[in-house]
Amino acid sequence: MPTYVLIGRNTASAAEDFLVYADSLEHFTTVGEPTYGSTGQPIFVDLPGGGTFRVCTKRDTYPDGREFVGYGIKPDILVESTLATVRSDEDEVLDRALRELQAEL
């Protein structure tokens, strides 16, 4: 059964781990925008003047060595949000996934 998973900039941490392992599944398709690109295990450091920075404390990769930390996981089907679609009641990513699924069935 074809499986479509919606992803975007707020997809991070364990969700990205799931995407890495599901990447090899032939029936699995991601739709949306690239993910956040984080293992979800940062260390926060306070800076003088009240600022902070964070650094990823764990290195994760695809089984074949491809990196996603700092880059994000690219979707199989890219659907970029626009200001107009954010303001509307439409969910263009969901709509695209549904169209793709209907075409396969």
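These figures come from a predicted structure and were not determined experimentally.

Engineer: Explanation requested: the sheet that holds strand β5 (residues 77–78) in the structure shown.
Structural biologist: Strand order in the open sheet formed by three strands is β1-β2-β5, with parallel pairing between adjacent strands. Looking at the sheet topology across the chains shown, the edges are occupied by β1 (3–7) and β5. Inspection of the sheet shows strand β2 (residues 28–32) paired to β5 by two bridges, in the parallel sense. From the neighbouring strand, Gly32 faces β5, where its bridge partner is Leu78. Taken strand by strand, helix α1 (residues 14–22) contacts β1 and β2, and its axis lies near 135° from that of β2. Packing of helix α3 (residues 92–104) onto the sheet brings it into contact with β1, β2 and β5, and relative to β1 it is tilted by some 165°.

Engineer: Before we go on, may I ask you to explain the nonpolar core in this structure?
Structural biologist: In a soluble, globular protein the nonpolar side chains are often hidden away together inside. Counting 10 residues, the largest nonpolar core consists of Val5, Ile7, Leu19, Val20, Ala22, Phe28, Tyr62, Phe68, Val69 and Ile73. Of all the elements in the fold, those that place two or more residues in this core are β1 and α1. Tallying contributions element by element places α1 first for this core, with three residues. Apart from residues lying up to four places away in sequence, Ile7 is in contact with Leu19, Thr30, Val31, Gly32, Glu33, Thr35, Ile73, Lys74 and Pro75.

Engineer: Before we go on, may I ask you to explain the pairing of β1 in this structure?
Structural biologist: Along any regular strand, the residues point their side chains to alternate faces of the sheet. Where β1 lies against β2, five bridges are found, and the strand directions are parallel. If you follow Val5 over to β2, its bridge partner there is Thr30. In the classification by handedness, the crossover that spans β1, the intervening α1 and the parallel β2 is right-handed.

Engineer: Please explain the side chain of Thr29 as it appears in this structure.
Structural biologist: Relative to the helices and strands, Thr29 resides in strand β2. Residue Thr29 is classed as buried on the basis of its relative accessible area of 14%.

Engineer: Please explain the packing of aromatic side chains as it appears in this structure.
Structural biologist: Any pair of aromatic rings gets described here by the distance separating the centres and the angle formed by the planes. The tally for this structure, following the rule as stated, stands at two aromatic pairs. Seen from their ring centres, Phe18 and Phe28 are 5.8 Å apart, and the 75° between their planes marks the pair as edge-to-face. Linking Phe18 in helix α1 with Phe28 in strand β2, this pair joins segments that are 10 residues apart in sequence. Ring centres 6.4 Å apart and planes at 90° place the aromatic pair Tyr62 and Phe68 in the edge-to-face group. The pair formed by Tyr62 and Phe68 is uniform in burial state, with each residue classed as buried. Seen from the ring of Tyr62, Arg66 lies directly overhead, with NZ or CZ sitting 3.9 Å from the centre.

Conventions we followed
- Residues numbered from 1 in each chain as written.
- Predicted model: local features only at pLDDT ≥ 70, side-chain atom pairs only at ≥ 80, totals over all residues.
- Heavy atoms only, no water.
- Pairing = 2+ DSSP bridges.
- Helix = DSSP H or I, 4+ residues; strand = E, 2+ residues; numbered from the N terminus.
- Contact = heavy atoms within 4.5 Å.
- Axes fitted to C-alpha atoms, helices over the stretch in contact; angles between N-to-C directions.
- Core = buried A, V, L, I, M, F, W, Y, C linked by side-chain atoms within 4.5 Å.
- Buried < 20%, exposed > 50% of the residue type's maximum accessible area, 1.4 Å probe, protein only.
- Right-handed = clockwise from strand over helix to strand, strands pointing away.
- Phe/Tyr/Trp six-rings, centres within 6.5 Å; stacked < 30°, edge-to-face > 60°.
- Lys NZ or Arg CZ within 6 Å of the ring centre and 35° of its normal.

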